Amino acid sequence: MSVYENISADPVKQQGSAFLGYYLETLSMVERLHRLLLDVIKDEFERLGLLDINSVQALLLFNIGDNEVTAGELKSRGYYQGSNVSYNLKKLVESGYMEHKRCEIDRRSVRVRLSERGRYIRKVVSELFGRHSDGILSKDVLGDLDLGDLNGTLHRLERYWGDQIRYIY
């Protein structure tokens with residue numbers, strides 16, 4: 001009997017292997033869901049004739065809401081995960097969806113907030129999400145799944161990943 005056969009016969013290894021499969025499926029699903037969310041927003045904007053803003057920018061506006069933030073705060077507060085945050089902020093300011101001003105304390109820093117146009121985009125996305133929420137409930141899409149439990153699980157996974165970034169060398 002080879003070493004590999006002994007390992008594959010080990011129930012702990014088999015359980016770990018099954019878990020790895022589920023974990024990889026979860027990773028793939030999270031990525032696909034995010035891309036699909038961006039496509040859903042894009043589709044809504046195309047229906048409304050809002051063609052000068054992309055779904056990533058619209059989601060950024062939605063997440064900022066009534067806050068006034070710097071580019072650095074966007075990442076640290078979890079509003080934005082992309083590496084091109086400065087590019088998108090510049091485009092949103094140029095398109096009139098955001099207003100910017102120099103920070104009074106640190107003149108190198110720029111603070112941004114939604115303009116009237118930006119608040120309109122946020123309202124469109126908010127209404128879209130509201131319709132989704134109503135549809136998911138009325139069609140019983142999730143069955144007995146409790147979104148509070150799911151969110152708790154995802155928060156624990158987020159903390160684990162965050163710890164991996166901070167503590168692995």
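The structure reproduced in this document is the subject of the present report. (Residues numbered from 1 in each chain as written. Predicted model: local features only at pLDDT ≥ 70, side-chain atom pairs only at ≥ 80, totals over all residues. Heavy atoms only, no water.)

**Describing the pattern of salt bridges**
Okay, step 1: Inspection of every chain in the model, using the stated rule, returns 14 salt bridges.
Okay, step 2: The partner of Arg111 in a salt bridge is Glu68, with the nearest N and O atoms 3.4 Å apart. Taken together, the residues span a long stretch of sequence, with Arg111 in strand S2 (residues 110-114) and Glu68 in the loop between helix H3 (55-64) and helix H4 (71-76) at a distance of 43 residues.
Okay, step 3: For Arg111, a relative accessible area of 19% corresponds to the buried category.
Okay, step 4: Between Arg119 and Glu116 there is a salt bridge, and its shortest N-O distance comes to 2.7 Å. You can see Arg119 and its partner Glu116 sitting in helix H6 (residues 116-138), three residues apart, about one turn around the helix. (Salt bridge = Lys/Arg side-chain N within 4 Å of Asp/Glu carboxyl O. Helix = DSSP H or I, 4+ residues; strand = E, 2+ residues; numbered from the N terminus. Buried < 20%, exposed > 50% of the residue type's maximum accessible area, 1.4 Å probe, protein only.)

**Brief notes about the layout of surface pockets**
Okay, step 1: Counted as a void, the largest pocket has a volume near 2,400 Å³.
Okay, step 2: Lining the largest pocket are 49 residues, and of these Val30, Leu33, His34, Leu37 and Leu154 sit closest to its centre.
Okay, step 3: Taken together, the elements giving at least two residues each to the lining of the largest pocket come down to helix H2 (11-48), H3, H4, H6 and helix H7 (147-167).
Okay, step 4: A per-class count over the lining of the largest pocket returns 27 nonpolar, 16 polar and six charged. (1 Å grid on protein atoms, 1.4 Å probe; cavity = no way out; pocket = protein on both sides within 12 Å on 5 of 7 lines; lining within 4 Å. Points joined across faces, edges and corners; volume = space filled by probe spheres on them. Nonpolar A, V, L, I, M, F, W, Y, C, P; charged D, E, K, R; others polar.)

**Thoughts on the nonpolar core**
Okay, step 1: Within the largest apolar cluster, 26 residues are counted, with the highest numbers of intra-cluster contacts made by Phe45, Ile53, Leu61, Leu74, Met98 and Ile121.
Okay, step 2: The element best represented in this core is H3, accounting for six residues.
Okay, step 3: Other than its neighbours up to four places away in sequence, Leu74 contacts Leu60, Ile64, Val69, Tyr79, Tyr80, Val85 and Leu89. (Core = buried A, V, L, I, M, F, W, Y, C linked by side-chain atoms within 4.5 Å. Contact = heavy atoms within 4.5 Å.)

**Comments concerning the packing of aromatic side chains**
Each aromatic ring pair is summarised here by two numbers: the centre-to-centre distance and the angle between the ring planes.
Okay, step 1: Taken as a whole and judged by the stated rule, the model has two aromatic pairs.
Okay, step 2: Both rings, one in Phe19 and one in Tyr23, keep their centres 6.5 Å apart while their planes meet at 10°; by these two values the pair is stacked. With Phe19 and Tyr23 both in helix H2 and four residues apart, this pair spans about one turn of that helix.
Okay, step 3: Under the relative-accessibility criterion, Phe19 is labelled exposed at 57%.
Okay, step 4: A centroid spacing of 5.0 Å and a plane angle of 80° characterise the contact between Phe62 and Phe129, whose relative ring orientation is edge-to-face. Of this pair, Phe62 sits in helix H3 while Phe129 sits in helix H6; the two residues are 67 residues apart in sequence, bridging distant segments of the chain.
Okay, step 5: For Phe129, a relative accessible area of 23% translates into the label partly exposed.
Okay, step 6: We note Arg117 situated over the ring of Tyr97; from NZ or CZ to the ring centre the distance is 4.3 Å.
Okay, step 7: When the ring centre of Phe62 is taken as reference, the NZ or CZ atom of Arg122 above it lies at 5.2 Å. (Phe/Tyr/Trp six-rings, centres within 6.5 Å; stacked < 30°, edge-to-face > 60°. Lys NZ or Arg CZ within 6 Å of the ring centre and 35° of its normal.)

**Brief notes about the packing of H3 against helix H5 (residues 85-94)**
Okay, step 1: Running from N to C, H3 and H5 point in directions that differ by 85°, and their axes come no closer than 10 Å. In terms of axis orientation, H3 runs roughly perpendicular to H5. Here Val56, Gln57, Leu60 and Leu61 of H3 come into contact with H5, specifically with Asn88, Leu89, Lys91 and Leu92.
Okay, step 2: Tallied by class, residues from the contact of H3 with H5 come to five nonpolar, two polar and one charged. (Axes fitted to C-alpha atoms, helices over the stretch in contact; angles between N-to-C directions. Parallel < 35°, antiparallel > 145°, perpendicular 65-115°, else oblique.)

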